[in-house]
Amino acid sequence: MSPDLPPALRSAIDREMAGVSRQSMAERTAATTTAYRAGGTSASAIRGRDDALAYALARLPATYAACAEVFSEAGRMIPGFSPQSLLDAGCGPGGGSWAAREAWPGLSQVTWLDANPPFLELAQRLATGSALAAAAVRRGDLLAGAYPGADLVLASYALAEIAEADLARVTGHLWAACSGVLALVEPGTPAGYARLLAARRVLIDAGAVVAAPCPHHEACPLVGPDWCHFNVRLARSRDHRLAKVAEVPYEDEKYAYLLVARPGLGIAPRHPRVLDRPRVGKPGIELKLCGPDGVERRFVARRDKPAHAVARRLDWGDVHEG
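Residues numbered from 1 in each chain as written. Predicted model: local features only at pLDDT ≥ 70, side-chain atom pairs only at ≥ 80, totals over all residues. Heavy atoms only, no water.

A.B. asks: So what's going on with the pairing of strand β1 (residues 85–89)? Residues and values would help.
C.D. replies: Burial within β1 is extensive, with five of its five residues counted as buried. Judged by which residues are buried, β1 turns out to be covered on both faces: S85, L87 and A89 on one side and L86 and D88 on the other are all buried. Sheet analysis places β1 next to strand β2 (residues 109–114), joined by five bridges and oriented parallel. Considered in β2, the bridge of L87 is made with T111. In terms of strand pairing, β1 meets strand β4 (residues 150–156) through three bridges, oriented parallel. What sits directly across from L87, in β4, is V153. (Buried < 20%, exposed > 50% of the residue type's maximum accessible area, 1.4 Å probe, protein only. Helix = DSSP H or I, 4+ residues; strand = E, 2+ residues; numbered from the N terminus. Pairing = 2+ DSSP bridges.)

Pasting the structure below:
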């Protein structure tokens with residue numbers, strides 16, 4: 001899957017931007033970013049149509065890209081999984097649903113759940129004329145529970161708005177709604193990683209099978225200040241750059257994620273995962289790997305040509321099958 005927005009979604013955002021001041025969008029983007037970084041939630045940061053559009057312009061490309069990467073990994077690790085239904089919990093403007101539809105075109109039933117009306121309204125407008133136009137819309141708080149069931153349940157960039165004391169309960173609600181695969185995606189920060197670790201413990205205790213990124217069900221072997229996160233590079237459109245007052249034509253989104261499945265779905269063999277960019281030097285390549293026995297630094301010498309050829313193709317987030 002490409003990390004860049006599909007043409008239909010890009011065109012939908014362009015339609016929304018028709019006649020809109022780019023300067024106004026840049027100002028609103030700065031305001032919403034400040035609100036979120038100060039610990040605000042969508043309820044306080046996204047109060048109207050223009051706020052939702054500013055968020056979509058500035059952040060939807062990156063959140064879409066992260067979900068696209070996670071769903072690509074789901075397809076690799078759970079090759080027999082072909083969901084027919086999706087619950088996008090805390091859906092925002094719906095970017096995660098677009099990524100799911102790209103990964104599994106057979107998705108026929110989509111439910112959007114969010115407590116923010118401007119986000120839900122924007123998600124519906126962006127979906128006009130697309131396969132997601134028939135998505136069911138439910139306004140509600142993730143704390144309420146009793147979510148509609150689905151083969152695939154997604155909560156992307158949503159757990160950050162859940163208080164630590166409520167995280168286990170919300171994780172339980174998400175798992176209860178899931179009949180196949182649960183995907184959790186968070187910002188690639190130490191705080192995002194900590195939320196996923198807490199959710200991971202709840203899910204393993206509930207019988208979930210960890211598919212990725214972990215190659216095991218043991219406690220995470222990383223020790224602070226280290227944390228598990230990954231990176232995806234995406235292209236920036238002209239409006240995207242203007243909204244963020246940026247000149248670079250691309251963006252690197254750091255994200256953390258967790259994929260778990262119901263037992264019996266068929267998980268592909270697990271292999272050590274590359275936890276950072278490989279360090280390439282004249283003598284060889286050094287890899288930081290997480291495997292069944294913990295974290296290790298593995299050096300692959302240039303003189304070992306077959307192994308070195310494999311290592312040269314590896315990047316951050318890949319699995320090492322050698």
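A.B. asks: Quick one: what's the story with the packing of aromatic side chains, residue by residue and with numbers?
C.D. replies: Inspection of every chain in the model, using the stated rule, returns seven aromatic pairs. Summarising the aromatic geometry, the rings of Y55 and F119 are spaced 5.1 Å apart at their centres and angled 65° between planes, so their arrangement reads as edge-to-face. Taken together, the residues span a long stretch of sequence, with Y55 in helix α4 (residues 49–77) and F119 in helix α6 (residues 117–127) at a distance of 64 residues. Given the relative accessible area of 15%, Y55 is considered buried. Classification of F119 by relative accessible area gives buried; the value is 3%. Taken together, Y36, Y55 and F119 form an aromatic cluster joined through their ring pairs. Over the ring of W175 we find R262, and its NZ or CZ is 3.8 Å from the ring centre. (Phe/Tyr/Trp six-rings, centres within 6.5 Å; stacked < 30°, edge-to-face > 60°. Lys NZ or Arg CZ within 6 Å of the ring centre and 35° of its normal.)

A.B. asks: Give me the lowdown on the packing of helix α1 (residues 7–17) against α6, citing residues and values where you can.
C.D. replies: Here α1 crosses α6 at 115°, and the two axes come no closer than 8 Å. As α1 packs across α6, the resulting crossing turns out to be right-handed. Residue-level contacts link L9, A12, I13, R15 and E16 of α1 to L122, R125 and L126 of α6. Tallied by class, the residues present in the contact of α1 with α6 amount to five nonpolar, no polar and three charged. (Axes fitted to C-alpha atoms, helices over the stretch in contact; angles between N-to-C directions. Left-handed = near helix turned anticlockwise from the far one by under 90°. Contact = heavy atoms within 4.5 Å. Nonpolar A, V, L, I, M, F, W, Y, C, P; charged D, E, K, R; others polar.)

A.B. asks: So what about empty space enclosed by the protein? Which residues, and what values?
C.D. replies: Taken as a whole and judged by the stated rule, the model has three cavities of 30 Å³ or more. Y193, P213, C214, C220 and C228 are, among the 19 residues lining the largest cavity, the residues nearest its centre. Among the elements of the structure, α8 (190–205) and β8 (250–261) are those that each provide at least two residues to the lining of the largest cavity. No other element matches the four residues that α8 contributes to the lining of the largest cavity. If you trace the second largest cavity, you find it lined by R76, M77, A211, P213, C214, P215, P269, R270, H271, R273 and V319. Along the lines of polarity and charge, the residues of the lining of the second largest cavity split into seven nonpolar, one polar and three charged. (1 Å grid on protein atoms, 1.4 Å probe; cavity = no way out; pocket = protein on both sides within 12 Å on 5 of 7 lines; lining within 4 Å. Points joined across faces, edges and corners; volume = space filled by probe spheres on them.)

A.B. asks: Report on a positive patch on the surface, specifying residues and quantitative values.
C.D. replies: Together, K282, R302, R312 and R313 line one region of the surface with positive charge. Its place among the elements puts R313 in the segment after α10 (305–312). Relative accessible area serves as the criterion here: at 62%, R313 is assigned to the exposed category. (Patch = residues over 30% accessible without salt bridge, like charges linked within 9 Å, V, L, I, M, F, W, Y side chains within 5 Å. Areas by Shrake-Rupley, 256 points an atom, 1.4 Å probe, with all protein chains shown as cover. Salt bridge = Lys/Arg side-chain N within 4 Å of Asp/Glu carboxyl O. Lys, Arg positive; Asp, Glu negative; His and termini not counted. Charge placed at Lys NZ, Arg CZ, Asp CG, Glu CD.)

A.B. asks: Which residues make up the nonpolar core, and what are the values?
C.D. replies: Counting 68 residues, the largest nonpolar core has I13, L60, F71, W112, L152, Y255 and L259 as its most contacted members. A per-element tally of this core places α4 first, with 17 residues. Excluding its chain neighbours within four sequence positions, the residues that come into contact with L60 are L5, L9, I13, Y55, P93, G95 and L126. (Core = buried A, V, L, I, M, F, W, Y, C linked by side-chain atoms within 4.5 Å.)

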